[in-house]
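Here is what each chain is made of, one letter per residue.
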Amino acid sequence: MTNDNKLFESIINSGKEQAEKLIEEAEKKAESIISAANEEADKEADSIKKAAQEKAISLKNSALSSASLTTRNAHLQAKRSEINKTLDGIIEYLVSLDDKSYFDLIYKAAETVDEKSGTVLLNKKDKERLPSDFKDRMKKAGIDVQIGDEAVDITGGFILRCGEIEINCSLSALIEDRKNELEDFINQELFDKEN
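Residues numbered from 1 in each chain as written. Predicted model: local features only at pLDDT ≥ 70, side-chain atom pairs only at ≥ 80, totals over all residues. Heavy atoms only, no water.

Teacher, can you tell me more about the pattern of salt bridges here?
When charged atoms on two side chains of opposite charge get close, those side chains can pair. Enumeration over the complete set of coordinates arrives at eleven salt bridges. Between Arg 161 and Glu 166 there is a salt bridge, with its nearest N and O atoms 2.9 Å apart. Its relative accessible area of 46% is what places Glu 166 among the partly exposed residues. Lys 179 serves as the salt-bridge partner of Glu 176, at 3.9 Å between the closest nitrogen and oxygen. Lys 179 gets classed as partly exposed once you look at its relative accessible area, which sits at 25%. Each of Asp 99, Asp 126 and Arg 129 takes part in salt bridges that share partners, so that together they form one network. (Salt bridge = Lys/Arg side-chain N within 4 Å of Asp/Glu carboxyl O. Buried < 20%, exposed > 50% of the residue type's maximum accessible area, 1.4 Å probe, protein only.)

What's the story with the environment of Tyr 93 in this structure? I'm lost.
Position of Tyr 93 among the secondary structure elements: in helix H1 (residues 3-95). In this structure, the C-alpha to C-alpha distance between Tyr 93 and Thr 119, residues 26 residues apart in sequence, is 26 Å. (Helix = DSSP H or I, 4+ residues; strand = E, 2+ residues; numbered from the N terminus.)

In this structure, what is going on with the sheet that holds strand E3 (residues 157-162)? I would like to understand it.
In a beta sheet, neighbouring strands pair by backbone hydrogen bonds and run either parallel or antiparallel. Strand order across the open sheet formed by four strands is E2-E1-E3-E4, with mixed pairing between neighbours. Edge positions in the sheet fall to strand E2 (144-147) and strand E4 (165-170), since each has one partner strand and no second. Adjacent strand axes in the sheet meet at a mean angle of 30°, parallel and antiparallel pairs treated alike. As paired strands, E3 and E4 are joined by six bridges and run antiparallel to one another. Bridge pairing links Cys 162 to Ile 165 in E4. (Pairing = 2+ DSSP bridges. Axes fitted to C-alpha atoms, helices over the stretch in contact; angles between N-to-C directions.)

What is the right way to read the packing of aromatic side chains from this model?
One pair of aromatic rings is described through two measures. These are the centre distance and the angle between the planes. According to the stated counting rule, one finds three aromatic pairs in the structure shown. Ring geometry for Tyr 107 versus Phe 134: centroids 5.9 Å apart, planes at 45°, classification tilted. Separated by 27 residues along the polypeptide, Tyr 107 in helix H2 (residues 99-111) and Phe 134 in helix H4 (residues 134-140) bring together distant segments of the chain. Given a relative accessible area of 1%, Phe 134 falls into the buried group. Counting every residue linked through ring pairs, the aromatic cluster contains Tyr 102, Phe 103, Tyr 107 and Phe 134. (Phe/Tyr/Trp six-rings, centres within 6.5 Å; stacked < 30°, edge-to-face > 60°.)

Structure, rendered in structure tokens:
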């Protein structure tokens with residue numbers, strides 16, 4: 001082999017070694033880049049997974065809270081309905097009392113009125129079953145009354161007309177006046193005993 005061939009072969013061998021080193025370095029860099037990319041992808045996947053889990057927990061908590069609120073509102077609405085039925089039932093019960101008990105209730109209501117005289121307005125049913133001593137009993141209760149000719153549209157009780165002023169002593173007005181107390185009582189009697 002001539003010197004030129006040896007030199008050429010040496011250059012080629014040196015180039016091959018250089019190329020192998022470059023390829024080896026490139027492969028190491030590629031492995032390093034791929035490894036770093038895989039680590040970054042794993043971190044990103046973990047971050048996405050964690051965010052998704054947090055969102056799922058948040059959605060679950062929100063759904064549970066919403067369901068709890070819906071249940072609570074339905075329960076309160078059912079309670080409100082029962083309380084209203086009970087209040088209506090009280091009026092029905094009072095209206096259906098026997099005449100003596102019913103009018104004793106009217107006289108008790110009359111004792112609470114500040115006015116001392118006026119015209120009593122009653123519904124048609126009460127006018128028809130009016131006791132003969134009604135005026136005397138109302139006077140004992142503190143009101144000197146005349147009985148109005150017209151029947152008023154109330155469930156029970158009376159309206160006291162004093163000139164231009166009308167005092168509503170209908171059963172529904174009396175119940176409405178004490179509604180908060182009655183609701184508390186009904187709530188306690190109907191629902192507190194459940195617990």
